[in-house]
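Single-letter residue listing:
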Amino acid sequence: MRRAPGLRREGVAMLAGISADYYLRLERGRDRRPSVQVLESLARVLRLDDVSRAYLLDLAADKPRRRRRPRKETLPPSTARLVSMLPLPAFAEGRYLDILAANPLATALSPRLVVGANRLRDVFLDTGEQDLFSPHSEDVAAGLVAGFRDAVGTDTDDPRCIELVGELSLVSPLFRRLWARHDVRRRGGTAVVSFNHPEVGELRLHREKLLVTDTDGIMLVVYHPDPDTDDAGKLALLGSALRSPRDNPALGRRAHGSPH
């Protein structure tokens, strides 16, 4: 649990009607059974929406609640094969922004693009991912949140949605602020994304998000450069590093000497 931006720990505790010492215990996970009244007060002070508030109250539940089972996302085998065969960075993303498949070039672009990772968690909680999109990381985060709202629609009582929104609302002031804006953006379509890659430097790629048919919101995401550009050369360099990972001195020279 984290305090709201602009408020000191003592201020949050005072507004919630609890002691600063007790709030510190909650923040550090030392008290795992706070009362419903305390959590309601904290939700009000932190200005959490209904999804985040539901997650907080779930922490105080004395017995399991009867809730809908999470939807299982299954990637069609043909799409998984396509991801692995593409000569460009590509991955498949579920409606909760979980990574369902990723090829090696996508992982070379971002080490967080691996099966089992979650785009929301990584962008808000992983400093490496934030650095990758610097200085535009907040814009990227805002786009992901707006796309996530589009993906879940009005289905905000979905257990997986409650889990993600609740977790991020507690630990990320930026997520709380962006989620409270209620922005919605269509997940599909094209965009140009700028990367601050630790090995090849500045890299601008087109991003395509294509809906996988006969699935509940799974997207195929592919990055590609303009042909015959410095960006194309840098992406090719990342690919060549995958083929000779032990020794690729050209990668170091390009990373430090290539013009942007």
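Preceding block: the structure.
Now for a description of the structure that goes with this document. Everything quoted here is computed from the prediction, not taken from an experiment. (Residues numbered from 1 in each chain as written. Predicted model: local features only at pLDDT ≥ 70, side-chain atom pairs only at ≥ 80, totals over all residues. Heavy atoms only, no water.)

**Describing the overall build of the protein chain**
(1) Moving on: Summing up its helical and strand segments, the protein chain has 13 helices and five strands in all.
(2) Moving on: With 260 residues in all, the protein chain has 47% of them scored as buried. (Helix = DSSP H or I, 4+ residues; strand = E, 2+ residues; numbered from the N terminus. Buried < 20%, exposed > 50% of the residue type's maximum accessible area, 1.4 Å probe, protein only.)

**Focus: the packing of helix 1 (residues 9-16) against helix 3 (residues 36-46)**
(1) Moving on: At a closest axis distance of 8 Å, the pairing of helix 1 and helix 3 adopts a crossing angle of 120°. In terms of their interaxial angle, helix 1 and helix 3 are classed as oblique. Crossing of helix 1 over helix 3 shows right-handed handedness. Contacts between helix 1 and helix 3 pair Val12, Leu15 and Ala16 from the former with Ser41, Leu42, Arg44 and Val45 from the latter.
(2) Moving on: Looking at side-chain class alone, the contact of helix 1 with helix 3 contains five nonpolar, one polar and one charged residues. (Axes fitted to C-alpha atoms, helices over the stretch in contact; angles between N-to-C directions. Parallel < 35°, antiparallel > 145°, perpendicular 65-115°, else oblique. Left-handed = near helix turned anticlockwise from the far one by under 90°. Contact = heavy atoms within 4.5 Å. Nonpolar A, V, L, I, M, F, W, Y, C, P; charged D, E, K, R; others polar.)

**Some thoughts on the packing of aromatic side chains**
Aromatic ring pairs are described here by two measures, namely the spacing of the ring centres and the angle between the planes.
(1) Moving on: A complete count under the given rule lists six aromatic pairs for this structure.
(2) Moving on: Both rings, one in Phe195 and one in Tyr223, keep their centres 5.3 Å apart while their planes meet at 80°; by these two values the pair is edge-to-face. Of this pair, Phe195 sits in strand 3 (residues 189-197) while Tyr223 sits in strand 5 (residues 219-224), and the two are 28 residues apart along the sequence. Here the two residues Phe195 and Tyr223 agree in accessibility, since each one is buried.
(3) Moving on: Taking the ring centre of Trp179 as reference, the NZ or CZ of Arg149 above it sits at 3.7 Å. (Phe/Tyr/Trp six-rings, centres within 6.5 Å; stacked < 30°, edge-to-face > 60°. Lys NZ or Arg CZ within 6 Å of the ring centre and 35° of its normal.)

**Quick look at the nonpolar core**
(1) Moving on: Core analysis: the biggest nonpolar cluster contains 21 residues, and Phe91, Leu109, Phe195, Leu203, Leu205, Tyr223 and Leu238 have the highest contact counts within it.
(2) Moving on: Contributions of two or more residues to this core are made by helix 6 (104-109), strand 3, strand 4 (201-211), strand 5 and helix 12 (230-243).
(3) Moving on: Sorting elements by how many residues they give to this core places helix 6 first, with four residues.
(4) Moving on: In this view, Phe91 contacts Val83, Ile99, Ala101, Ala102, Leu113, Met219, Leu220, Val221 and Tyr223; residues no more than four positions away in its chain are not counted. (Core = buried A, V, L, I, M, F, W, Y, C linked by side-chain atoms within 4.5 Å.)

**Considerations on the side chain of Arg112**
(1) Moving on: The topology assignment puts Arg112 in the loop between helix 6 and helix 7 (119-125).
(2) Moving on: A polar contact of 3.2 Å, which involves the side chain of Arg112, links it to the backbone oxygen of Gly128.
(3) Moving on: Setting aside anything within four residues of it in sequence, one finds Arg112 in contact with Ala117, Asp122, Asp126, Gly128, Glu129 and Leu132. (Polar contact = N/O pair within 3.5 Å; in protein donor to acceptor, adjacent residues only side chain to side chain.)

**Focus: the pairing of strand 2 (residues 99-102)**
(1) Moving on: Strand direction decides the pairing type here: strand 1 (residues 90-93) and strand 2, joined by three bridges, are antiparallel. Note that in strand 2 the partner of Ala92 across the bridge is Ala101.
(2) Moving on: In this structure, the hairpin formed by strand 1 and strand 2 is closed by a connection of five residues, where Leu97 is found at a positive phi of approximately 70°. (Pairing = 2+ DSSP bridges.)

**Things to note about helix 1**
(1) Moving on: Listed as buried for helix 1 are Gly11, Val12, Ala13 and Ala16.
(2) Moving on: Two residues or fewer after helix 1 comes Gly17, characterised by a positive phi angle close to 80°.

**Overview of the sheet that holds strand 2**
(1) Moving on: As summarised here, the arrangement of the five strands in space is 2-1-5-4-3, forming an open sheet in which the pairing is antiparallel. The sheet is open, and its two edges are formed by strand 2 and strand 3, each paired on a single side. Between one strand axis and the next, the sheet turns by 25° as a mean value, whatever way the strands run.
(2) Moving on: Here strand 1 runs beside strand 5; their pairing, made up of four bridges, is antiparallel. Looking across to strand 5, one finds that Glu93 is bridged to Met219.

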